[in-house]
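As a plain string of letters, each chain reads:
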Amino acid sequence: LINEHFVPLNECRDRYLILYGSRGSSKSDYTAKRLIFHCLTFGYFKCILYRKNYNSIKDSSYETLKQAIYDMGLESVFIFKQNPLEITCINGNKFIARGGDDPNKLKSIKDPTCVWYEEDIPDEMDFATITLTIRSTKAELLQEIFTINPQTEGEPQDNWFYKRFFQDKTELSFREKITVEVEGRLVDYYYTVHHSTYHHNRWLRDEVKAQIEDYKRTNPYLYSVYGLGLWTPKETGGNF
């Protein structure tokens with residue numbers, strides 16, 4: 001059901017799971033199937049599907065989940081709603097969509113247990129709002145998953161997300177422990193960062209792999225983004 005490169009993540013229960021890398025690496029496919037499994041097996045599960053623009057969710061994480069559900073023959077136990085955008089399991093667990101363009105709706109979610117940040121690096125204020133909302137006592141697991149393309153406006157080293165999770169790291173994939181003093185006690189929490197490229201996707205067609213690989217010759221910048229999945233500043237064409 002999933003590519004071998006992602007199998008070690010199946011037991012990950014860290015608070016933050018960050019999947020980044022090249023296009024076509026299957027990180028979104030893995031995340032969708034992981035969350036569907038949690039939705040089916042957890043006693044209580046409510047996952048937020050987040051993107052900066054609400055209207056972009058339907059054709060990204062929502063559609064990826066829907067396609068995975070149909071591919072696995074599970075459509076008879078899920079209900080797909082368009083307005084509002086939701087996927088509900090017959091056991092009562094669900095996925096709900098929220099965009100950063102409506103901050104009031106981000107604050108009004110009752111007892112979410114999970115969030116999937118797809119493609120976009122969230123604004124720091126949106127992240128703070130959502131992460132402090134993921135605190136339900138009903139949950140078997142509280143987790144936030146990022147599937148991002150590692151491009152930033154300006155230098156990555158200046159981006160809040162890079163500073164928080166990647167600063168001073170030399171490995172592409174790693175696990176980190178954060179220790180914070182709370183009321184005189186030391187409290188640990190963890191996050192896992194997982195890098196992948198199109199080489200890890202056994203389902204990707206050879207002609208697509210060839211197109212990606214050809215950027216090494218025609219445009220080294222795009223190859224670093226689409227082929228290697230490395231942190232790069234976005235090229236806007238009008239940089240000063």
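Scroll up a little and you will see the structure.
Cut-offs and rules
- Residues numbered from 1 in each chain as written.
- Predicted model: local features only at pLDDT ≥ 70, side-chain atom pairs only at ≥ 80, totals over all residues.
- Heavy atoms only, no water.
- Pairing = 2+ DSSP bridges.
- Helix = DSSP H or I, 4+ residues; strand = E, 2+ residues; numbered from the N terminus.
- Axes fitted to C-alpha atoms, helices over the stretch in contact; angles between N-to-C directions.
- Contact = heavy atoms within 4.5 Å.
- Salt bridge = Lys/Arg side-chain N within 4 Å of Asp/Glu carboxyl O.
- Buried < 20%, exposed > 50% of the residue type's maximum accessible area, 1.4 Å probe, protein only.
- Parallel < 35°, antiparallel > 145°, perpendicular 65-115°, else oblique.
- Left-handed = near helix turned anticlockwise from the far one by under 90°.
- Nonpolar A, V, L, I, M, F, W, Y, C, P; charged D, E, K, R; others polar.
- Phe/Tyr/Trp six-rings, centres within 6.5 Å; stacked < 30°, edge-to-face > 60°.
- Lys NZ or Arg CZ within 6 Å of the ring centre and 35° of its normal.

Student: Just checking my understanding: could you explain the sheet that holds strand β1 (residues 16-21) for this structure?
Tutor: Across a sheet, strands are paired by hydrogen bonds formed along the backbone, either parallel or antiparallel in direction. The sheet built from 9 strands is open, its strands ordered β3-β4-β5-β2-β6-β7-β1-β10-β9 with mixed pairing. Two strands bound the open sheet, and with one partner strand each, they are β3 (78-81) and β9 (174-182). The mean angle between the axes of side-by-side strands here comes to 20 degrees, regardless of whether they run parallel or antiparallel. Set on the sheet, helix α4 (residues 124-131) makes contact with β1, β2 (46-51), β6 (114-119) and β7 (143-148); between it and β6 the angle comes to about 160 degrees.

Student: Help me understand the pattern of salt bridges in this model?
Tutor: Opposite charge on two side chains permits pairing when their charged atoms draw close. Going through the model one piece at a time under the given rule, you end up with 13 salt bridges. Glu 183 is the salt-bridge partner of Arg 185, the closest N and O atoms lying 3.6 Å from each other. Its relative accessible area of 48% is what places Arg 185 among the partly exposed residues. Since its relative accessible area comes to 74%, Glu 183 is described here as exposed. Salt bridges here are not isolated pairs; linked through shared partners, they connect Arg 51, Glu 119 and Asp 120.

Student: Would you mind going over the side chain of His 38 with me for this structure?
Tutor: Mapped onto the elements of the fold, His 38 is located in helix α1 (residues 27-41). Contact partners of His 38, with chain neighbours within four places excluded, come to Phe 45, Leu 141 and Gln 143.

Student: Just checking my understanding: could you explain the environment of Phe 146 for this structure?
Tutor: The topology assignment puts Phe 146 in strand β7. In the structure, Phe 146 is positioned 119 residues away from Lys 27 in sequence and 9.5 Å away in space, judged by C-alpha atoms. Among all residues touching Phe 146, those that are not within four sequence positions of it are Tyr 16, Leu 17, Ile 18, Leu 19, Tyr 117, Pro 122, Phe 127 and Phe 161.

Student: Looking at this structure, I do not really get the packing of α1 against helix α2 (residues 61-71). What am I missing?
Tutor: The axes of two packed helices give the description: the angle between them and the distance between them. Orientation of α1 relative to α2, taken along the N-to-C sense of each, is 65 degrees, at an axis distance of 9 Å. In terms of orientation, α1 lies roughly perpendicular with respect to α2. Relative to α2, α1 is oriented so that their crossing is right-handed. Side by side, α1 and α2 meet where Ser 28, Asp 29, Ala 32, Lys 33 and Ile 36 of the first sit next to Thr 64, Leu 65, Ala 68 and Ile 69 of the second. For the contact of α1 with α2, the class distribution of residues is 5 nonpolar, 2 polar and 2 charged.

Student: Mind showing me how you'd approach the packing of aromatic side chains here?
Tutor: The relative placement of two aromatic rings is captured by the distance of their centres and the angle of their planes. Under the definition given, this model contains 28 aromatic pairs. Ring centres of Tyr 162 and Trp 231 lie 5.4 Å apart, and the angle between their planes is 85 degrees; this geometry places the pair in the edge-to-face category. Placement of Tyr 162 in helix α5 (residues 160-165) and of Trp 231 in the loop between α7 (220-227) and β11 (232-233) is noted, with a sequence separation of 69 residues between them. Comparing Tyr 162 with Trp 231 shows no difference in burial state: the two are buried. With 6.1 Å between their ring centres and 90 degrees between their planes, Phe 166 and Phe 174 make a pair best called edge-to-face. The exposure class of Phe 166 is buried, given its relative accessible area of 3%. Residue placement shows Lys 66 over the ring face of Phe 80; its charged tip is 5.4 Å from the ring centre. Its guanidinium or amino end placed over the ring of Tyr 44, Lys 138 lies 5.0 Å from that ring's centre, counting from NZ or CZ.

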